[in-house]
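Breakdown of the fold
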Amino acid sequence: MSTPGQVDVALPDGQHLWVPAGTAAGEILRRWNPKDAGKYLAATVDGRPTDLERPVDRPSKLAPLTFEDRAGRDIVQHSAAHLVAKALTEVVPGARPTHGPPTDEGFYYDFDVRPLTSEDLDRIRSSVRMSVEAREPFHRKDVSRAEAESMFASNPHKLRYLAAAKPGESVSVYYTGDRFVDLCRGPHVPDTGWLEGTYILGHSAVISETSPGTPTLQRVRGVAFPTRHQLDEYLKLRKEAEARDHRILGPRLGLFAFLEEIPGFPVWLPNGMIVVHELEQFAREGLQRDGYVEVRTPLMFPQTVFEESGHWEHYRENMFVSTIEGRTFGWKPMNCPGAMLIFRSRARSYRELPLRLAEFAPLHRLEASGTLHGLTRVRELVQDDAHLFVAEEDVVPEMRKLLEWVREAYAIFRLEYTYELSTRPTGSLGDEEGWERAESTLEMLLKESGVPYRVSPGEGAFYAPKIDIHVRDSLGRPWQTGTIQLDSQMPRRFRLEYQGADGQMHTPIVIHRTILGTWERFFGVFLEHCAGCLPPWLAPVQVRIFPVTEAQAAAAQGYAHELSREGLRTEVSDTSETLPKRIRSAEIERIPYMVVIGEKEVADGSVSVRTRGEKGARSRSRAEFAAHATERVRTRAFEP
């Protein structure tokens, strides 16, 4: 029962608590679940991440955040960035912090300061340790714009951020301990004791993208975990990860390159394009099986289209923009606006539904330079993307097919995966009832699938709740790849309609989906997962034939033609170097099959086969080897 001055708070398990208005979010969560309250580092109120100390003063939906949540991890990283900024300004008086966001790999903070030295970093690390031991609180304070301008009068970078803020937008600052204060929206962990596993990875000089014309900045990079044990586990994995780093393997194997002239825009090399084409073929087989049609829409649309979709309001800062004949165009970051326009381009009937439109087209996203990381965070990307226009009764069967497709696809790549249900964020489109209906449908399907999943409140797209696919590679590292979104908002914004069997006009529901995600991120993750040892069907060169001497070169070329006719990507090694050296080179290149032809093999029609990952060689007839290799490729076997 409510009493005057109390508010109704809905919890994740369906419970409701009536609490005095102004009760801190953390206190409510402790009352709700005292057993696990020690794991909670922040909370979400109506989908918006917030500090545990923030008061709840109206009826709300409240949920905890832990380090296992995506938003929770970001909060730990961003809090650690503030901790490092505090330490650096103590070590180097006069240093001016600029900004310090979380990234996929951890965090960074840029400073307007003299070049840093290794001695500086040692002193910064020592200061960080002292702050962690002291468990200094993070404390938020809301201030007026005039107060903020006075507080940061000596820091032109912060003044520039304040000037760029929307008129009337609230301004908040965060104190770390008693002395260090930073302009920040938050939220943060309760205190620095949550940052025991903070580790500084290094520093470098960078040119500011947000403050052009300013001096070179010093960037400090790091990663953070709530405990030292978690950090130690990360550092163990990091050594192995360095040996698998796709940024090194890719160029070495002739797959892709990164050029200084075009940061964030990967260059696919000939071997890499073979892999991309194989991935596309893999996806297209599923498209053909499930009745998709393929389309292609322009790389840019006028601002009005993105205003209609909602991207201009919610995603503008991540878009490349061009002006053509006085009109503003945005380079598309997603394919959905084009798919909506295709559906709207003519009258539609229920007989056409489900209408499944697939598109493999380059997308462009203006990612900050500090967040770029090989193929896993780029500015140009291609997805195995599709938009399914369905009637309400088709939602569940179509979603079931998609979840089954995910199961089959990830089994091929031997990737373990879990799901994340991301719910309505703050500032989303549409009404609460529509969101709740879509979220309930997705959760029902996830429970039915039997695949582990977690709920991330407030992490949905601005137009739809979604199921994100999270894989763990062979080192146990988590990565987000594909996504499935259930959208009833954007079709309304585009005024999409079809005539139903009842003769009335209806609005379709749209399922946005990628199975593997972007080729760039998926392949970067997979390359590290398999340490460059691609399955035979993906390997750019599947068979390399080695004539022992020039006398066997003609026989080797003849057999190569036979294998090529069977569909195997085959090449012949020249004989300018010794056989052991040539075989060693092939091993370094991760060639699945190495076939040796010497005098004996020419005489009896056999081949000596070295299979990647196995010791020694085996003698096989030519027909036997060809049948084995083609079968492994045809069935997309993981190992040779």
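The model shown is predicted, which means the values in this text are computed figures rather than measured ones.

A few points about the overall build of the protein
Within the protein, the secondary structure is distributed over 19 helices and 35 strands. Counting only C-alpha atoms and orienting by the principal axes, one finds that the protein spans roughly 95 × 75 × 60 Å. Across the 640 residues of the protein, 53% fall into the buried class. Sequence-distant contacts, at least 24 apart, represent 68% of the contacts inside the protein between residues at least 6 apart. Entry remark: accessible area of the protein is about 28,800 Å², with carbon and sulfur atoms responsible for 51%. For the protein, the centre of its 81 positive side-chain charges and the centre of its 91 negative side-chain charges are spaced 2 Å apart.

A look at the sheet that holds strand 19 (residues 321-324)
Pairing in this open sheet of three strands is antiparallel, and the strands run 18-20-19 from one edge to the other. The open sheet is flanked by strand 18 (300-302) and strand 19, the only strands paired with a single partner. Between one strand axis and the next, the sheet turns through 35° on average, direction left out of account. In this sheet, strand 20 (residues 327-331) lies alongside strand 19 in antiparallel orientation, the contact comprising four bridges. Pairing of isoleucine 324 across the sheet is with arginine 327, part of strand 20.

So, the sheet that holds strand 32 (residues 570-572)
One open sheet holds the five strands; their spatial order is 32-31-33-34-35, and the pairing between them is mixed. Of all the strands in the sheet, the pair left with one neighbour each is strand 32 and strand 35 (618-621). Taken pair by pair, the neighbouring strands of this sheet meet at an average axis angle of 30°, ignoring direction. Bridge count between strand 33 (residues 593-597) and strand 34 (residues 606-611): four bridges; the pairing is antiparallel. Note that in strand 34 the partner of valine 596 across the bridge is serine 608. The sheet contacts of helix 16 (residues 553-565) involve strand 31 (543-547), strand 32, strand 33 and strand 34, and relative to strand 31 the element is tilted by about 165°. Contacts between helix 19 (residues 622-634) and the sheet are confined to strand 31, strand 33, strand 34 and strand 35, with strand 35 contributing the most and set at about 95° to the helix.

So, the pattern of salt bridges
Taken as a whole and judged by the stated rule, the model has 52 salt bridges. The closest approach of N and O atoms between glutamate 233 and lysine 236, which form a salt bridge, is 3.6 Å. Taken together, the residues span about one helical turn, with glutamate 233 and lysine 236 both in helix 6 (residues 228-244) at a distance of three residues. The closest approach of N and O atoms between glutamate 278 and arginine 569, which form a salt bridge, is 2.7 Å. Highlighted residues: glutamate 278 in helix 8 (residues 270-289) and arginine 569 in the loop between helix 16 and strand 32, separated in sequence by 291 residues. Members of the salt-bridge network, linked through shared partners, are Arg70, Glu420, Lys466 and Asp468.

Section: the packing of helix 8 against helix 12 (residues 395-412)
The geometry of helix 8 relative to helix 12 is characterised by a closest axis approach of 12 Å and an angle of 155° between their N-to-C directions. Classified by the angle their axes make, helix 8 and helix 12 are roughly antiparallel. Remark: the crossing between helix 8 and helix 12 carries right-handed chirality. Between helix 8, through Phe282, Ala283, Gly286, Leu287 and Arg289, and helix 12, the contact on the second element is made entirely by Trp405, Glu408, Ala409 and Ile412. Split into classes, the residues belonging to the contact of helix 8 with helix 12 amount to six nonpolar, one polar and two charged.

So, how was this worked out
Residues numbered from 1 in each chain as written. Predicted model: local features only at pLDDT ≥ 70, side-chain atom pairs only at ≥ 80, totals over all residues. Heavy atoms only, no water. Helix = DSSP H or I, 4+ residues; strand = E, 2+ residues; numbered from the N terminus. Buried < 20%, exposed > 50% of the residue type's maximum accessible area, 1.4 Å probe, protein only. Contact = heavy atoms within 4.5 Å. Areas by Shrake-Rupley, 256 points an atom, 1.4 Å probe, with all protein chains shown as cover. Lys, Arg positive; Asp, Glu negative; His and termini not counted. Charge placed at Lys NZ, Arg CZ, Asp CG, Glu CD. Pairing = 2+ DSSP bridges. Axes fitted to C-alpha atoms, helices over the stretch in contact; angles between N-to-C directions. Salt bridge = Lys/Arg side-chain N within 4 Å of Asp/Glu carboxyl O. Parallel < 35°, antiparallel > 145°, perpendicular 65-115°, else oblique. Left-handed = near helix turned anticlockwise from the far one by under 90°. Nonpolar A, V, L, I, M, F, W, Y, C, P; charged D, E, K, R; others polar.

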